[in-house]
Amino acid sequence: MYVYKVLESAWALCTPNGVQPEAVYQSSLVMWEAQYKLFLFGGMRSVGTVSNNLYSYTVSNDTINSDQEIDGSWASISPGGTLPTARYGHTAVANEATASMLLFGGVTDFFVSLDDLWSFDFNSESWTQLSPSGTAPSARYYHATAWWPDQQKMFISGGLGLDAITFVYQNFADMFVYDAVANAWSELTPNGRGIAVPGLYAHSLVLMTDAEQFLVLGGYEGLSTTASEELYGYDIASGTWSELVKTGDIEARVDYVAMWYQGAYDTAGYLEWDDYETMLVFGGLETEASTATGEQLLFSFLPT
């Protein structure tokens, strides 16, 4: 387990204690920033079974800002309430305002796509299934999710659906928003003046907070097995999609990690605050036809 320190442009190794989580992929990982605590849920095990186990990782306060290894401790959680179905390919976000985690979608080990929405309370360590009003997304997995903390809204983009009886796949080119305050879903409808973005899955959705825009990079287009290298922007206020021109060298990719960073940066030995904004992209798969290779490089995208 590693952490990337933006100011030092360096990776640091986490040295965990406690109960180690089982090895899983296509799981979710969120951070409760107020308590320096991570929560790992679900995922596919290497033996092909699916998990609904929940683990927490607490970072030691005295090492979070140090130049040394970052110490911390894993713990297995036995939550209260009814547990979500075991799943992978789902998404989750942390709501700092309510000290909770929102969990949506995914797929079971019997290939059943899910459309349920859950809340996990960090303090009471209990699950609650939510029943929002409004128009909810169809059952899906491998979708992308972004959280808008100031508005307490969760956005869902694209994804893949699978009919467990006919085994027919469906790819989605839609976007939905969940308002955590109103406990309501609604679908975002583009105004038609921008471009039409294809259905994507295994992509990213990153919120540029100040600009109130989303960045969408990569993923599989339609039902193909070839990764996209396109970068799209979505303006929330106008409901308009656009294709962005990027410079530099980043390969088409799927199943990667992306986040928005806004804050300090180091220039000639001096820290400049709140002037640095970038999307950080790490890992994933580069795909061409039937081949796939892992990507271990870290990229930074600076919007113009």
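In case you missed it, the structure is sitting above this.
Residues numbered from 1 in each chain as written. Predicted model: local features only at pLDDT ≥ 70, side-chain atom pairs only at ≥ 80, totals over all residues. Heavy atoms only, no water.

J.: A description of the overall build of the protein chain should follow, citing residues and the corresponding values.
T.: A tally of regular secondary structure across the protein chain gives zero helices and 29 strands. By residue count, 44% of the 304 residues in the protein chain fall in the buried class. Across the protein chain, contacts joining residues at least 24 apart in sequence account for 50% of those joining residues at least 6 apart. As displayed, the protein chain has an accessible area near 15100 Å², and 50% of this comes from carbon and sulfur atoms. (Helix = DSSP H or I, 4+ residues; strand = E, 2+ residues; numbered from the N terminus. Buried < 20%, exposed > 50% of the residue type's maximum accessible area, 1.4 Å probe, protein only. Contact = heavy atoms within 4.5 Å. Areas by Shrake-Rupley, 256 points an atom, 1.4 Å probe, with all protein chains shown as cover.)

J.: I'd love a proper account of the pattern of salt bridges, names of residues and values included.
T.: Within this structure, the stated rule accounts for three salt bridges. Between R45 and E22 there is a salt bridge, and its shortest N-O distance comes to 2.6 Å. Of this pair, R45 sits in strand β5 (residues 37-45) while E22 sits in the loop between β2 (10-18) and β3 (24-25), and the two are 23 residues apart along the sequence. A relative accessible area of 21% places R45 in the partly exposed class. Looking at E22, the relative accessible area reads 23%, which means it is partly exposed. (Salt bridge = Lys/Arg side-chain N within 4 Å of Asp/Glu carboxyl O.)

J.: Could you give me a rundown of the sheet that holds strand β18 (residues 184-188), with the residues and numbers involved?
T.: If you trace the five strands from one edge of the open sheet to the other, you get β12-β18-β17-β14-β13, paired in mixed fashion. Of all the strands in the sheet, just β12 (133-134) and β13 (144-148) have a single pairing partner and so form its edges. (Pairing = 2+ DSSP bridges.)

J.: Describe the packing of aromatic side chains, and please don't skip the residues or the numbers.
T.: Taken as a whole and judged by the stated rule, the model has 20 aromatic pairs. Plain terms: the ring middles of Y57 and W74 are 5.0 Å apart, the flat faces sit at 55° to each other, and that makes the pair tilted. Of this pair, Y57 sits in strand β6 (residues 50-59) while W74 is found in strand β7 (residues 70-77), placing the two residues 17 residues apart along the sequence. Looking at Y57, the relative accessible area reads 0%, which means it is buried. Geometrically, the ring pair formed by F120 and W127 is tilted, given 5.0 Å between the ring centres and 55° between the ring planes. Taken individually, F120 and W127 each receive the classification buried, so the pair is uniform in this respect. Put simply, the rings of W32, F39, F41, W118, F120, F122 and W127 touch in pairs and so form one group of aromatic residues. Looking at R140, its charged tip hangs above the ring of F172, at a distance of 4.1 Å from the centre. (Phe/Tyr/Trp six-rings, centres within 6.5 Å; stacked < 30°, edge-to-face > 60°. Lys NZ or Arg CZ within 6 Å of the ring centre and 35° of its normal.)

J.: Could you give an account of unusual backbone geometry, with specific residues and numbers?
T.: Glycine aside, a negative phi is what most residues show, and trans is what most peptide bonds show. Of note in the backbone geometry, Y36 takes a positive phi value of approximately 50° without being a glycine. Mapping Y36 onto the fold places it in the loop between β4 (28-32) and β5. By relative accessible area, which is 30% here, Y36 ends up partly exposed.

J.: Outline the sheet that holds strand β23 (residues 231-235), listing residues and values.
T.: Overall, antiparallel pairing links the four strands, which are arranged β20-β21-β23-β24 in an open sheet. For this open sheet the edge positions go to β20 (204-208) and β24 (240-243), each flanked by a neighbour on one side alone. Between one strand and the next, the sheet's axes are offset by a mean angle of 25°, whatever the strand orientation. The sheet contact formed by strand β21 (residues 213-217) and β23 spans five bridges and is antiparallel. (Axes fitted to C-alpha atoms, helices over the stretch in contact; angles between N-to-C directions.)

J.: So, the environment of P79: which residues are in play, and what are the values?
T.: Here P79 shows up in the loop between β7 and β8 (91-95). P79 sits 48 residues away from W127 along the chain, and the two C-alpha atoms are 6.8 Å apart.

J.: Describe the pairing of strand β17 (residues 175-179), naming the residues involved and giving the relevant values.
T.: Burial analysis of β17 places four of its five residues in the buried class, which makes it a mostly covered element. Across five bridges, strand β14 (residues 153-157) lies against β17 in antiparallel orientation. Paired with F155 across the two strands is V177, which belongs to β17. In terms of strand pairing, β17 meets β18 through five bridges, oriented antiparallel. When the sheet's bridge partners are listed, F176 is paired in β18 with E187.

J.: Outline the side chain of S157, supporting the account with residue identities and numerical values.
T.: Tracing the sequence through the fold places S157 in strand β14. In this structure, S157 is in contact with H143, A144, D174, M175, H203 and L205, ignoring residues within four places of it in sequence.

J.: Before we move on, could you go through the environment of S157 and cite the residues and values that matter?
T.: S157 sits in the buried class, given a relative accessible area of 5%. On a C-alpha basis, the gap between S157 and T145 in space is 6.3 Å, while along the polypeptide they are 12 residues apart. A polar contact is formed between the side chain of S157 and the side chain of H203, at a distance of 3.1 Å. (Polar contact = N/O pair within 3.5 Å; in protein donor to acceptor, adjacent residues only side chain to side chain.)

J.: Go over the environment of V30 with me, naming the residues and quoting the values.
T.: Counting through the fold element by element, V30 comes out in strand β4. By relative accessible area, which is 6% here, V30 ends up buried. Each residue touching V30, except ones within four places of it in the same chain, is listed here: K37, L38, F39, A92, V93, A94, M101 and F122.

In short, the description is geometric, and any link to function would need to be established separately.
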